[in-house]
Amino acid sequence: SYGDITLSDEILGTKIKYDVFSFFQVNLEIFSKALERINQEVGENKVIDIYSGVGTIGVCLKSPKKLIEID
């Protein structure tokens, strides 16, 4: 149906599906590098993803059991 379009991408080995009208990063190469750096900085610490949008940052963290999403 019109307006029901789902896109998908893979980032750091994680498959992400999102609506065509949702906010999503357009430069996946740079975004992947940023996610790798975020993972390095976070380590084993707890994380709060306050404005999660699609949720890509939280989903791509190596320790998702320590993730709290608030939208």
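Structure shown above.
In this report, we go over the structure that sits alongside the text. (Residues numbered from 1 in each chain as written. Predicted model: local features only at pLDDT ≥ 70, side-chain atom pairs only at ≥ 80, totals over all residues. Heavy atoms only, no water.)

## A word on the overall build of the protein
- What the protein contains, in helices and strands, is 2 helices and 4 strands.
- Listed by position from the N terminus, the elements making up the protein come as β-β-α-β-α-β.
- By residue count, 25% of the 71 residues in the protein fall in the buried class.
- Considering only intrachain contacts with a sequence separation of at least 6, the fraction spanning at least 24 residues in the protein is 22%.
- Per element, the accessible surface of the protein, about 5500 Å² overall, is 54% carbon and sulfur. (Helix = DSSP H or I, 4+ residues; strand = E, 2+ residues; numbered from the N terminus. Buried < 20%, exposed > 50% of the residue type's maximum accessible area, 1.4 Å probe, protein only. Contact = heavy atoms within 4.5 Å. Areas by Shrake-Rupley, 256 points an atom, 1.4 Å probe, with all protein chains shown as cover.)

## Details of the environment of Leu 61
- For Leu 61, the location among the structural elements is in the loop between helix 2 (56–59) and strand 4 (67–69).
- The class for Leu 61 is buried, based on a relative accessible area of 8%.
- Along the chain, Leu 61 and Gly 43 lie 18 residues apart, while their C-alpha atoms are 9.2 Å from each other.

## Some remarks on the side chain of Asn 39
- Assignment of secondary structure puts Asn 39 in helix 1 (residues 28–42).
- In this structure Asn 39 comes out as buried when scored by relative accessible area, which is 12%.

## Some thoughts on the side chain of Ser 32
- Secondary-structure assignment places Ser 32 in helix 1.
- Taking the relative accessible area as the measure of exposure, Ser 32 reaches 16% and is therefore buried.
- The residues contacting Ser 32, other than those within four sequence positions of it, are Ile 11 and Leu 12.

## Topic: the packing of aromatic side chains
- In total, this model carries 1 aromatic pair according to the counting rule given.
- Measuring from ring centre to ring centre gives 3.9 Å for Tyr 18 and Phe 24, while their planes differ by 15 degrees; the resulting arrangement is stacked. With respect to class, Tyr 18 is no different from Phe 24; both count as buried. (Phe/Tyr/Trp six-rings, centres within 6.5 Å; stacked < 30°, edge-to-face > 60°.)

## Let's talk about the pattern of salt bridges
- Tallied over the entire structure, the rule returns 1 salt bridge.
- Its salt-bridge partner being Glu 41, residue Arg 37 comes within 3.2 Å of it at the nearest N-O pair. Taken together, the positions of Arg 37 and Glu 41, both in helix 1 and 4 residues apart, correspond to about one turn of that helix. (Salt bridge = Lys/Arg side-chain N within 4 Å of Asp/Glu carboxyl O.)

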